Amino acid sequence: MARTCEGPSAAGDPSRSGIDRANAYFNAAIAYNRLAASEAPNTLCRTKGACSQQALSLLDQSLTSQQDNQISLTGDAQQVAANKHFILRRTLARSRALQGIARSGVIDASCGAPSACLTDAAALLSAVTVDIPPADEAPETARLGCEVLDTRWRINSDLGREREYLYVEDLRRLVSSCPSFAASATDQLASIAFDRAERVKEALVSADPAPSVEASLGAITDYRDALRVERFKLPANRGMGAIYQALARRDPAGTRTYLENAVAAYSDAATLSASSPAAERAADLENLGASLLALTSVTGTPGSEARTAMAERAAATLQDAVDLSPTSARFVLLGEAYDKTGQCTLAIPAYNSALPGLAGTAKISAVLALSAAYDACGQPDLALQALNQANAAGTVSAEVRYEIGRKEFDNGNFGAALRALQAAETGVNGAQAADANYMMSVAETITRPSGWQQSALTHAERAVSLNARTWKYNRQACLATILRAGRSVKDGSSLARCPDTGTPEADLLRGMYFLKQAQSMDVSAYNLASQTQWRSVLRAAETAFTRGQEALADAPEREKFVFFDDLQTDVDISARLTQGLTVIQRCNREITLGPQDPVWNDLNAFYGHYGVLKCS
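Here's what I pulled together on the structure shown here. Fair warning: this is a prediction, and the values are worked out from it, not measured in the lab.

Time to look at the overall build of the protein chain. The helix and strand inventory of the protein chain stands at 27 helices and two strands. Taken over C-alpha atoms, the radius of gyration comes to 43 Å for the protein chain, far larger than the 25 Å a tight globule of 616 residues would show. Structurally, the protein chain occupies a C-alpha span of about 145 × 55 × 45 Å along its principal axes. Burial status across the protein chain gives 46% buried among its 616 residues. Contacts spanning at least 24 positions in sequence make up 58% of the contacts within the protein chain whose residues lie at least 6 apart. Working note: accessible area of the protein chain is about 29500 Å², and carbon and sulfur atoms make up 50% of it. If the 60 positive side-chain charges of the protein chain are averaged to one point and the 68 negative ones to another, these points end up 4 Å apart.

What follows deals with helix H9 (residues 213-226). The end-to-end C-alpha distance of H9 is 20 Å, a good match for the 20 Å that 14 residues give at a rise of 1.5 Å each. Residues Ser216, Ala219, Ile220, Asp222, Tyr223 and Ala226 constitute the buried set of H9. Seen along its axis, H9 keeps its buried residues to an arc of 160°; they face one direction. Against helix H8 (179-206) and helix H10 (230-250) lie the buried residues of H9.

Moving on, we get to the environment of Leu603. With respect to the secondary-structure elements, Leu603 resides in helix H27 (residues 600-608). Along the backbone, Leu603 and Val583 are 20 residues apart, and their C-alpha atoms lie at a distance of 8.7 Å. Setting aside residues no more than four positions away along its own chain, Leu603 makes contact with Gln579, Val583, Leu593, Gly608 and Leu613.

Overall, the coordinates contain 27 salt bridges when judged by the stated rule. The partner of Arg238 in a salt bridge is Asp284, with the nearest N and O atoms 2.8 Å apart. Of the two residues, Arg238 is situated in helix H10 and Asp284 in helix H12 (residues 278-296); the sequence distance between them amounts to 46 residues. Here Asp375 and Lys407 are joined by a salt bridge, their closest N and O atoms 2.3 Å apart. Of the two residues, Asp375 is situated in helix H16 (residues 360-376) and Lys407 in helix H18 (residues 398-410); the sequence distance between them amounts to 32 residues. Each of the salt bridges in this network shares a partner with another, and the network as a whole consists of Arg96, Glu140, Arg143 and Glu147.

Below, the discussion takes up the nonpolar core. Core analysis: the largest hydrophobic core is formed by 64 residues, its most contacted members being Tyr223, Ile243, Tyr244, Leu334 and Leu370. Considering every element that reaches this core, the biggest residue donor is H10, with eight residues. Beyond its immediate chain neighbours, meaning those up to four positions away, Tyr244 contacts Ile220, Arg224, Tyr258, Asn261 and Ala262. Residues Ala36, Leu92, Ala121 and Val168 belong to the second largest nonpolar core, which totals 49 residues.

To continue, consider the pairing of strand S1 (residues 561-564). A one-sided burial pattern is seen for S1, the buried positions being Val562 and Phe564 and the unburied ones Phe561 and Phe563. Examined bridge by bridge, S1 and strand S2 (residues 569-572) share four bridges and lie antiparallel to one another. Within S2, the residue paired with Val562 across the bridge is Val571. Joining the antiparallel neighbours S1 and S2 is a turn of four residues, in which Gln568 adopts a positive phi near 55°.

Its location among the elements puts Glu444 in helix H20 (residues 430-447). Of the polar contacts made by the side chain of Glu444, one reaches the backbone nitrogen of Ala456; its length is 3.3 Å. Not counting residues within four places of it along the chain, the set of residues in contact with Glu444 comprises Leu418, Gln422, Pro449, Trp452, Ser455, Ala456 and His459.

This structure, assessed with the given rule, holds 10 aromatic pairs. Consider the rings of Tyr438 and Tyr473, whose centres lie 5.2 Å apart with planes at 40°: the pair is tilted. Of this pair, Tyr438 sits in helix H20 while Tyr473 sits in helix H22 (residues 471-484), and the two are 35 residues apart along the sequence. Grouping residues by exposure puts Tyr438 and Tyr473 together as buried. Put simply, the rings of Phe545, Phe564, Phe606, Tyr607 and Tyr610 pair up and form one aromatic cluster.

Before going further, it helps to examine unusual backbone geometry. One non-glycine residue, Ala485, lies in the positive phi region at around 55°. Among the structural elements, Ala485 can be located in the loop between H22 and helix H23 (487-490). Of note, Gln568 is a non-glycine position whose phi angle comes to about 55°, a positive value. For Gln568, the location among the structural elements is in the loop between S1 and S2. Overall, Gln568 belongs to the partly exposed group, its relative accessible area being 36%.

For Arg94, the position within the fold is in helix H4 (residues 77-104). For the pair formed by Arg94 and Cys51, sequence separation is 43 residues and the distance between their alpha carbons is 13 Å. Not counting the four nearest positions on each side in its chain, Arg94 is found in contact with Leu56, Leu59, Asp60, Leu63 and Leu124.

Running from amino to carboxyl end, helix H21 (residues 452-466) crosses H22 at an angle of 155°, the nearest separation of the two axes being 8 Å. With respect to H22, the axis of H21 lies roughly antiparallel. Classified by chirality, the crossing of H22 by H21 is left-handed. Contacts from Trp452, Gln453, Gln454, Ala456, Leu457, Ala460, Ala463 and Val464 in H21 reach Tyr473, Asn474, Gln476, Ala477, Ala480, Thr481, Leu483 and Arg484 in H22.

Turning our eyes to something else, we now look at the state of the cysteines. Scanning the entire structure with this criterion turns up six disulfides. The disulfide partner of Cys146 is Cys178, and the S-S distance across this bridge is 2.0 Å. The sign of the -90° torsion about the S-S bond sets the Cys146-Cys178 disulfide as left-handed. A residue pair is termed long-range when its members are at least 10 positions apart, and Cys146 in helix H6 (residues 139-159) and Cys178 in the loop between helix H7 (164-177) and H8 qualify at 32 residues. Residue classification places Cys178 among the buried positions, given a relative accessible area of 1%. There is a disulfide in this structure between Cys344 and Cys377, and the S-S distance comes to 1.9 Å.

We now examine the side chain of Arg90. Its location among the elements puts Arg90 in helix H4. What makes Arg90 buried here is its relative accessible area of 2%.

Turning next to the environment of Met512. Along the polypeptide, Met512 turns up in helix H24 (residues 504-520). Overall, Met512 belongs to the buried group, its relative accessible area being 0%. With 68 residues separating them along the chain, Met512 and Gly580 place their C-alpha atoms 7.5 Å apart. Non-local contacts of Met512, meaning those with residues more than four positions away in its chain, are made with Leu479, Ile482, Phe545, Phe606, Tyr607, Tyr610 and Val612.

Cut-offs and rules
- Residues numbered from 1 in each chain as written.
- Predicted model: local features only at pLDDT ≥ 70, side-chain atom pairs only at ≥ 80, totals over all residues.
- Heavy atoms only, no water.
- Helix = DSSP H or I, 4+ residues; strand = E, 2+ residues; numbered from the N terminus.
- Rg over C-alpha atoms; globule rule 2.2 N^0.38 Å.
- Buried < 20%, exposed > 50% of the residue type's maximum accessible area, 1.4 Å probe, protein only.
- Contact = heavy atoms within 4.5 Å.
- Areas by Shrake-Rupley, 256 points an atom, 1.4 Å probe, with all protein chains shown as cover.
- Lys, Arg positive; Asp, Glu negative; His and termini not counted.
- Charge placed at Lys NZ, Arg CZ, Asp CG, Glu CD.
- Expected span 1.5 Å × (residues − 1).
- Arc of directions from axis to C-beta.
- Salt bridge = Lys/Arg side-chain N within 4 Å of Asp/Glu carboxyl O.
- Core = buried A, V, L, I, M, F, W, Y, C linked by side-chain atoms within 4.5 Å.
- Pairing = 2+ DSSP bridges.
- Polar contact = N/O pair within 3.5 Å; in protein donor to acceptor, adjacent residues only side chain to side chain.
- Phe/Tyr/Trp six-rings, centres within 6.5 Å; stacked < 30°, edge-to-face > 60°.
- Axes fitted to C-alpha atoms, helices over the stretch in contact; angles between N-to-C directions.
- Parallel < 35°, antiparallel > 145°, perpendicular 65-115°, else oblique.
- Left-handed = near helix turned anticlockwise from the far one by under 90°.
- Disulfide = S-S within 2.5 Å.

Next comes the structure, spelled out in structure tokens:
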């Protein structure tokens with residue numbers, strides 16, 4: 001047909017009218033466009049691009065033979081309609097030829113570079129107002145209008161996403177007005193919505209700054225639009241679940257709602273992937289289990305029936321994922337789920353199964369979780385063993401060493417605790433750093449290595465600077481100051497390390513500080529001023545001890561017996577306050593008391609331990 005229409009008996013016959021030649025060239029161009037669009041081989045064109053270029057050349061000749069403005073649009077209505085159809089069909093054919101050239105990648109085409117060819121094609125159809133009447137009223141007009149919409153959206157799509165608003169509108173009109181195009185247009189709209197949502201999902205992970213909450217929720221809407229097409233139901237549910245999980249981390253105000261929606265999306269995905277390969281279905285179950293696990297933490301209260309039920313559902317889901325396709329990450333999640341259900345005996349093997357395949361921070365977290373599970377099962381020796389084995393195997397971590405030090409400290413192994421905590425000291429922060437410094441100070445006070453007085457004081461002060469609200473840190477700083485003594489105690493400038501909080505224990509510590517200050521003073525029998533100053537400090541100690549006794553009358557039980565970590569025993573505050581007054585009486589020579597007296601050993605065990613039994 002192409003050869004016939006462009007040959008000497010048709011378009012090439014100079015005896016024919018311009019109208020006839022225009023039609024012949026047009027029909028030949030239509031044939032070449034069809035050849036370009038066909039996958040079947042042909043003998044007329046070397047390539048698809050060549051067919052499209054030939055179609056464009058023939059359309060140029062058709063226009064030369066009869067311009068659009070030479071076609072009559074007046075007179076008989078039927079003829080006018082036919083003429084309008086011809087103009088539109090020729091415009092449509094020219095756009096298709098230009099698009100074909102662009103898609104072929106030809107760089108020396110008559111229309112220029114591919115982008116220029118597409119721009120020309122889009123410009124031709126953008127000027128067309130497409131009216132689609134009911135097919136039973138004007139079938140040819142309806143068919144032609146639908147073809148224009150179908151071609152125009154494809155050209156605008158080829159030009160890039162910046163024209164998305166244009167081609168989406170054409171696709172929506174195809175869905176609503178063109179039954180024969182509706183299915184493919186619906187599929188394309190779903191594909192566009194899905195791709196748009198996927199870009200937001202990927203940006204949530206990699207972009208800086210990440211998309212806003214509003215943009216993320218817009219992606220959810222796009223995923224829901226994609227759900228209308230069967231092939232997108234599974235990946236769209238997966239995408240929605242991922243975005244909801246990300247939003248739960250980024251927007252705390254909506255955490256619970258986001259996680260509930262993530263659970264719903266991944267539940268649908270898990271149902272849809274029932275017949276998928278095991279690895280894919282396991283991934284859906286893993287994501288569902290992880291979402292349920294996160295939701296557990298914001299459901300009910302610790303130990304509540306609602307929270308336990310949610311954790312049990314998470315554990316069951318993750319167990320299914322592990323059974324289908326075991327991975328270290330899934331074993332870790334399974335261990336966490338069993339932890340939350342209170343089933344430490346099931347959490348332990350899960351964590352142990354995870355460890356061989358983990359490295360770095362993931363392995364450190366799993367080791368710490370395993371140790372905590374052993375503790376929960378009442379197996380502290382195995383908890384410490386797990387940490388030591390990991391540390392010996394090269395899982396070098398300040399957190400692991402801190403936990404080793406803490407456990408050794410609790411076990412009373414202060415030398416081992418000190419070594420572990422010293423190794424962890426520079427790598428821990430916040431509450432762990434404060435606690436590590438406190439335990440090191442106590443351990444140094446007990447083991448007394450070289451230079452322990454200054455080191456114990458330094459660590460105690462560091463603990464207080466990190467967390468002054470924890471009283472035992474203040475107690476240790478006060479005791480370390482007393483043990484260190486020196487110029488700051490002698491002149492009283494370090495008294496703030498023994499803060500006056502109004503409790504019996506605080507009064508005991510301040511009294512001890514004043515005793516140490518009196519002991520540090522230079523007192524001369526020939527210097528009345530030094531004697532007067534010394535007695536005033538002793539009176540300050542006496543006042544502190546007396547105030548402590550008065551405070552005991554209304555003190556709660558927990559303030560009457562206090563555990564001192566450095567002594568590893570409960571201290572009877574009342575007895576020690578009374579003994580403090582006894583020490584003052586001895587210093588004032590109101591009584592005589594020495595190692596030969598029955599009460600001396602108990603007095604020495606406390607006041608002698610802190611070096612405040614001497615008088616000057």
